[in-house]
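In case you want the letters, here they are:
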Amino acid sequence: MSGKVLYKHGTPLVLNEDDQEQFFVLLTNQKDGSKSFNRYRITIDGRFTIPDIEEGNYNISFKCLYKMSTYVRSVENVSAGTDNLTVVLIPESASIRGKLIDGETLHPIPSSFISFSYFTDIRDAGFVINHHTLLENGKFQFDDLPPNIYTITFHSGDFQQVTLQNIELTSEKETDLSTIKLYRGFSIKGKVVSADDQTPIVGASVACDSGQGDITKEDGSFALTRVPEGELHLAINHPEYAER
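Rules and cut-offs
- Residues numbered from 1 in each chain as written.
- Predicted model: local features only at pLDDT ≥ 70, side-chain atom pairs only at ≥ 80, totals over all residues.
- Heavy atoms only, no water.
- Helix = DSSP H or I, 4+ residues; strand = E, 2+ residues; numbered from the N terminus.
- Buried < 20%, exposed > 50% of the residue type's maximum accessible area, 1.4 Å probe, protein only.
- Contact = heavy atoms within 4.5 Å.
- Areas by Shrake-Rupley, 256 points an atom, 1.4 Å probe, with all protein chains shown as cover.
- Phe/Tyr/Trp six-rings, centres within 6.5 Å; stacked < 30°, edge-to-face > 60°.
- Salt bridge = Lys/Arg side-chain N within 4 Å of Asp/Glu carboxyl O.
- Core = buried A, V, L, I, M, F, W, Y, C linked by side-chain atoms within 4.5 Å.
- Pairing = 2+ DSSP bridges.
- Axes fitted to C-alpha atoms, helices over the stretch in contact; angles between N-to-C directions.

Caption draft 1: Representation of the overall build of the protein. Of the regular secondary structure elements, the protein holds 0 helices and 20 strands. Taking all 244 residues of the protein together, the buried fraction comes to 37%. Of the contacts formed within the protein by residues at least 6 apart in sequence, a portion of 56% connects residues at least 24 apart. Here the protein has roughly 14,900 Å² of accessible surface; of this, 47% comes from carbon and sulfur atoms.

What follows is the structure, encoded as structure tokens:
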């Protein structure tokens, strides 16, 4: 069996030497359901050959990993003796949807900047997709995203940034993030240490005059969220130290 592989716009698929091992073919025998899965090489003009196939008709799935994207195509009822099969690959894609609301009022957020990022399997290179979108009733939906495990970040006006990690997007189903709450305000982060030797102080209370508070962790760190804009005062207390 042989044929030619094209991109969806009709140009031949040409792989360099490093990418030659990224063209995969799954053959399923229609008669007995037996399967074989192998890598094959593609010539400079996009042609491929699958040797030593038993007589019969096959369902064939093609998959190619190329330039951080996955291209696929399935073809049914192909005779083992076919020598002019043309396969047009299309990008494999995933979809995601959800809704953004104000965490205080529960009202929809009308606009947001949303970024999707992931690390590829190729030399650990990062890939980022940014979308600035107007939302209808707080809802968003994105299609044609490369399947992968993403970090997704939401920004909107004076709301605090929200980041979701390890969100897996697949081509088999649409991912629904349901409702995501954003809160207005700013964040204050810091560390409380001893004035004598700079060692972290654990268990100190940090309070803001706008009502936010936290207790320092083992490394002396604290974080205050939903802090309003403007001049603020912090009170830091610990039983073994003077108040600051």
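We are not done yet, so read on.
Caption draft 2: Molecular detail of the packing of aromatic side chains. All chains considered together, the criterion is met by 8 aromatic pairs. Aromatic pair Phe48 and Phe62: ring centres 5.6 Å apart, planes at 65 degrees, arrangement edge-to-face. Highlighted residues: Phe48 in strand E4 (residues 47-49) and Phe62 in strand E5 (residues 57-66), separated in sequence by 14 residues. Each of the two residues, Phe48 as well as Phe62, counts as buried. Ring geometry for Phe140 against Phe142: centres 6.0 Å apart, planes inclined by 35 degrees, an arrangement best described as tilted. No difference in accessibility class separates Phe140 from Phe142, as the two residues are buried. Grouping aromatic residues by their ring pairs yields a cluster made of Phe116, Phe140, Phe142, Tyr150 and Phe154.

Caption draft 3: Structural context of the pattern of salt bridges. Considering all chains together, one arrives at 4 salt bridges under this definition. When the shortest N-O distance is used, the salt bridge between Asp102 and Arg184 registers 3.5 Å. One end of the pair, Asp102, is in strand E9 (residues 94-102); the other, Arg184, is in the loop between strand E15 (175-182) and strand E16 (186-191), and 82 residues separate them in sequence. Between Lys217 and Asp214 there is a salt bridge, and its shortest N-O distance comes to 3.3 Å. Residues joined by salt bridges that share partners form a network here, namely Arg97, Glu174 and Asp176.

Caption draft 4: How the structure looks around the nonpolar core. One finds Phe23, Val25, Phe48, Ile50, Ile60, Phe62 and Leu85 to be the most contacted residues of the largest nonpolar core, which totals 22 residues. Where this core is concerned, the elements lending two or more residues are strand E2 (23-29), E5, strand E6 (69-79) and strand E7 (85-88). The element that contributes the greatest number of residues to this core is E5, accounting for 4 residues. The residues contacting Ile60, other than those within four sequence positions of it, are Met1, Val25, Leu26, Leu27, Arg73, Ser74, Val75, Val78 and Leu85. Counting residues in hydrophobic clusters, the runner-up holds 21 residues, among them Leu135, Leu145, Leu169 and Ile180.

Caption draft 5: Structural view of the sheet that holds strand E1 (residues 2-6). Spatial strand order, E4-E1-E7: 3 strands in an open sheet with mixed pairing. The open sheet has two edge strands with one neighbour each: E4 and E7. Neighbouring strand axes in the sheet, compared pairwise and without regard to direction, differ in orientation by 30 degrees on average. Of the strand pairs in this sheet, E1 and E7 are connected by 4 bridges, and their pairing is parallel. The residue bridging Lys4 from the neighbouring strand is Thr86, located in E7.

Caption draft 6: Up close: the sheet that holds strand E17 (residues 205-208). Spatial strand order, E18-E17-E20: 3 strands in an open sheet with antiparallel pairing. Each edge of the open sheet carries a strand with a single partner, namely strand E18 (213-215) and strand E20 (234-237). For this sheet the average axis-to-axis angle between neighbouring strands, irrespective of direction, equals 15 degrees. As defined by bridge partners, E17 adjoins E18 across 3 bridges and the pair is classed as antiparallel. Note that in E18 the partner of Ala207 across the bridge is Gly213.

Caption draft 7: Representation of the side chain of His238 within the structure. Mapped onto the elements, His238 comes out in the segment after E20. His238 sits in the buried class, given a relative accessible area of 17%. Not counting chain neighbours up to four residues away, the residues in contact with His238 comprise Ile201, Val202, Gly203 and Ala204.

Caption draft 8: Examining the environment of Gly3 more closely. Structurally, the position occupied by Gly3 is in strand E1. Among all residues touching Gly3, those that are not within four sequence positions of it are Gly46, Arg47, Phe48, Asn84 and Leu85.

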